[in-house]
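Residue strings, one per chain:
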Amino acid sequence: MSFGARLAEATAARGPLCLGIDPHPELLSGWGLPATADGLAAFSETCVAAFAGFAVVKPQVAFFEAYGSAGYAVLERTIAALREAGVLVLADAKRGDIGSTMAAYAAAWAGESPLAADAVTASPYLGFGSLQPLLDTAAAHGRGVFVLAATSNPEGASVQRAQTDGRSVAQTIVDAVADVNQAGAGPGSVGVVVGATLREVPDLSALGGPVLIPGIGAQGGRPEALAGLGGAAPGTLLPAVSREVLRAGPGVAALRDAAARLRDAVAYLAG
């Protein structure tokens, strides 16, 4: 089954919410954990226990990478444990490069390596075509890719809102993803990332794939404002939340309850 089909099935059954595992040092401290590989492991194990039964979980790779090989070992175990629990894993790695280097990233995150997840985020800003090795590898292994299109950080606007042939650069990324999805059958496995707090949103009506929407909760995005975002098709929006839920820790039950409240708040997006 393709990633697009598995994602549609998972969100229909368990709600359209993507939960982040972001072991920021401040959160580790707030949970009474040390900013060490052992603290990282304890944090991640708690999140896995709390988020089992949800549709999608997104580990932020940078917070694992900060601990070197020990952090990557924790990430590998976390990905395996989430998948064992039946959760789709989206590795938030934001990889992007060219040629053989991109092919190596593709093998790591969408191939057969211990880091390979159900989907991975990618940056297209070396040119959308530079992502082809990743798109090919993901398709061959039934995995997904979420391509950065319109992010909510202020620095992104100077590039993403620039005009080319009468369209914003962000819109050209969305349109390129739409072309990839139209070449396949069933729900598209290539999605885009669009910030929840943007005032200008690309036209998503022809995307044919999922839309990851970070920034819900602590960053100011409101669940009730998401319906119909950019003309996206019903059932394709995947709000992402991290700190808003993680602040409820370190108790497993409190984390699960906080996640369930947000899942219920966006349940209408699954239609």
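Residues numbered from 1 in each chain as written. Predicted model: local features only at pLDDT ≥ 70, side-chain atom pairs only at ≥ 80, totals over all residues. Heavy atoms only, no water.

Taking an unreviewed UniProt entry as the reference, the chain is identified by name as Orotidine 5'-phosphate decarboxylase belonging to Mycolicibacter sinensis. Database annotation for the chain, UniProt heading Sequence similarities (unreviewed entry): "Belongs to the OMP decarboxylase family. Type 2 subfamily." (UniProt positions renumbered as here; feature names shortened; annotations may be inferred.)

This part is about the overall build of the chain. In terms of helices and strands, the chain carries eleven helices and ten strands. Radius of gyration (C-alpha) of the chain: 17 Å, near the 18 Å computed for a compact globule of 271 residues. For the C-alpha atoms alone, the extent of the chain along its principal axes is close to 55 × 40 × 35 Å. Residues classed as buried in the chain amount to 51% of the 271 residues present. Pairs at least 24 residues apart make up 72% of the contacts formed inside the chain by residues separated by at least 6 positions. (Helix = DSSP H or I, 4+ residues; strand = E, 2+ residues; numbered from the N terminus. Rg over C-alpha atoms; globule rule 2.2 N^0.38 Å. Buried < 20%, exposed > 50% of the residue type's maximum accessible area, 1.4 Å probe, protein only. Contact = heavy atoms within 4.5 Å.)

Given a rise of 1.5 Å per residue, twelve residues ought to cover 16 Å, and the 16 Å separating the end C-alpha atoms of helix H1 (residues 3-14) matches this to within 8%. Taken together, the buried positions of H1 are Phe 3, Gly 4, Leu 7, Ala 10 and Thr 11. The buried residues of H1 occupy an angular sector of 130° when the element is viewed end-on, so they sit on one face. Opposite its buried face, H1 presents the exposed residues Glu 9, Ala 12 and Ala 13, each directed more than 90 degrees away. Summarising the contacts, the buried residues of H1 are in contact with strand E2 (56-59), strand E3 (88-95), strand E4 (119-122), strand E5 (144-150) and strand E10 (237-241). (Expected span 1.5 Å × (residues − 1). Arc of directions from axis to C-beta.)

When the UniProt feature table is mapped onto this chain, "active site" (unreviewed entry) is found at Lys 94. Turning to its location among the elements, Lys 94 is positioned in strand E3. Contacts of Lys 94, omitting those with residues within four sequence positions, involve Gln 60, Thr 121, Ala 122, Ser 123 and Leu 148. At 2.8 Å, the side chain of Lys 94 forms a polar contact with the side chain of Asp 92. (Polar contact = N/O pair within 3.5 Å; in protein donor to acceptor, adjacent residues only side chain to side chain.)

Further remarks concern the nonpolar core. Core analysis: the largest hydrophobic core is formed by 72 residues, its most contacted members being Leu 19, Phe 51, Trp 109, Val 192, Val 211 and Val 245. With seven residues, helix H3 (residues 37-51) is the largest single contributor of residues to this core. Among residues more than four places away in sequence, those in contact with Val 245 are Leu 19, Phe 51, Leu 255, Ala 258, Ala 259 and Leu 262. Counting residues in each nonpolar core, the second largest holds 15 residues, with Ala 55, Leu 148, Leu 212 and Leu 238 among its members. (Core = buried A, V, L, I, M, F, W, Y, C linked by side-chain atoms within 4.5 Å.)

What follows covers the pairing of E5. Within E5, seven of the seven residues are buried, leaving the element largely enclosed by the surrounding structure. Of the pairings in the sheet, the one linking E4 to E5 comprises four bridges and is parallel in character. Within the sheet, the bridge partner assigned to Thr 121 lies in E5 and is Phe 146. Sheet topology places E5 next to strand E8 (residues 190-194); five bridges connect them, and they run parallel. Its bridge partner being in E8, Leu 148 is matched across the sheet by Val 193. (Pairing = 2+ DSSP bridges.)

In this fold, Ser 242 is placed in the loop between E10 and helix H10 (243-246). A relative accessible area of 14% means that Ser 242 is categorised as buried. In this structure, Ser 242 is in contact with Gly 20 and Asp 22, ignoring residues within four places of it in sequence.

All chains considered together, the criterion is met by three aromatic pairs. Ring centres of Trp 31 and Phe 43 lie 4.1 Å apart, and the angle between their planes is 25°; on these two criteria the pair is classed as stacked. Within this pair, whereas Trp 31 is found in the loop between helix H2 (25-30) and H3, its partner Phe 43 is found in helix H3, the two being separated by twelve residues in sequence. Phe 43 shares its class with Trp 31; the two are buried. Ring geometry for Phe 51 and Phe 54: centres 6.4 Å apart, planes at 80°, overall edge-to-face. (Phe/Tyr/Trp six-rings, centres within 6.5 Å; stacked < 30°, edge-to-face > 60°.)

This brings us to unusual backbone geometry. In this model, Gly 249 is joined to Pro 250 through a cis peptide bond whose omega is 15°. Summarising the element assignment, Pro 250 is placed in the loop between H10 and helix H11 (252-265). Positive phi outside glycine occurs at Lys 94, with the angle close to 50°. For Lys 94, a relative accessible area of 38% gives the class partly exposed. Residues other than glycine seldom take positive phi values, yet Asp 165 does so here, at roughly 55°. Within the secondary structure layout, Asp 165 lies in the loop between strand E6 (163-164) and strand E7 (167-168).

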